[in-house]
Amino acid sequence: MNAVLLVEDSSSQREMISGILKDHGWQVTIACDGVEALEKLQSFSPDLVVLDIVMPRMNGYEVCRRIKSDPKTKNVPVIMCSSKGEEFDRFWGMRQGADAYIAKPFQPMELVGTIKQLLRN
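Procedures and definitions
- Residues numbered from 1 in each chain as written.
- Predicted model: local features only at pLDDT ≥ 70, side-chain atom pairs only at ≥ 80, totals over all residues.
- Heavy atoms only, no water.
- Helix = DSSP H or I, 4+ residues; strand = E, 2+ residues; numbered from the N terminus.
- Buried < 20%, exposed > 50% of the residue type's maximum accessible area, 1.4 Å probe, protein only.
- Polar contact = N/O pair within 3.5 Å; in protein donor to acceptor, adjacent residues only side chain to side chain.
- Contact = heavy atoms within 4.5 Å.
- UniProt positions renumbered as here; feature names shortened; annotations may be inferred.
- Disulfide = S-S within 2.5 Å.

Novice: Mind showing me how you'd approach the side chain of E8 here?
Specialist: Tracing the chain through its elements places E8 in the loop between strand 1 (3-7) and helix 1 (11-23). A residue is classified by how much of its surface remains accessible, and E8, at 2% relative accessible area, is buried. Separated by 3.1 Å, the side chain of E8 and the backbone nitrogen of S10 make a polar contact. Excluding anything up to four places from it in sequence, E8 contacts Q13, R14, I17, A31, C32, D52, M55 and K104.

Next comes the structure, spelled out in structure tokens:
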């Protein structure tokens, strides 16, 4: 079973996304902001990270940069999943090292398909 770290500050988004992931057989660990995500990564090695951008304490861009610059986590795929849907936001997310970028609102199968593709690689 693949383990996913879901980093999302909105409780309704957290519930919805974790429900989609669990329905597809993934084990989900939740962090409510970027600082908590980095703390969890010290003791937990997920197969993939689903990461919001706009969060308190540390935004998703910074979290992604730190994940990708750490030798221990640099190969963990990161999907940025954000309401920031402009082309520049997508470009900037990919520049930080994200492996994929999904704009909210999204279709559940878009997220599931992206996760499956990244886990296959």
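Novice: Which parts of the structure should I look at to understand the UniProt feature "domain: Response regulatory" (unreviewed entry) in the chain?
Specialist: As recorded in UniProt, the sites labelled "domain: Response regulatory" (unreviewed entry) are residues 3-119. End C-alpha atoms of residues 3-119 are separated by 10 Å, and the span's content is 44% helix alongside 20% strand.

Novice: Teacher, can you tell me more about the state of the cysteines here?
Specialist: Put plainly, a disulfide is one covalent bond tying together the sulfur atoms of two cysteines. Enumeration according to the criterion identifies 0 disulfides in this entry. The thiol sulfur of C32 is not disulfide-bonded, and the nearest other cysteine sulfur, from C81, lies at 15 Å. The cysteine C81 is free of any disulfide, with C64 supplying the nearest cysteine sulfur at 13 Å.

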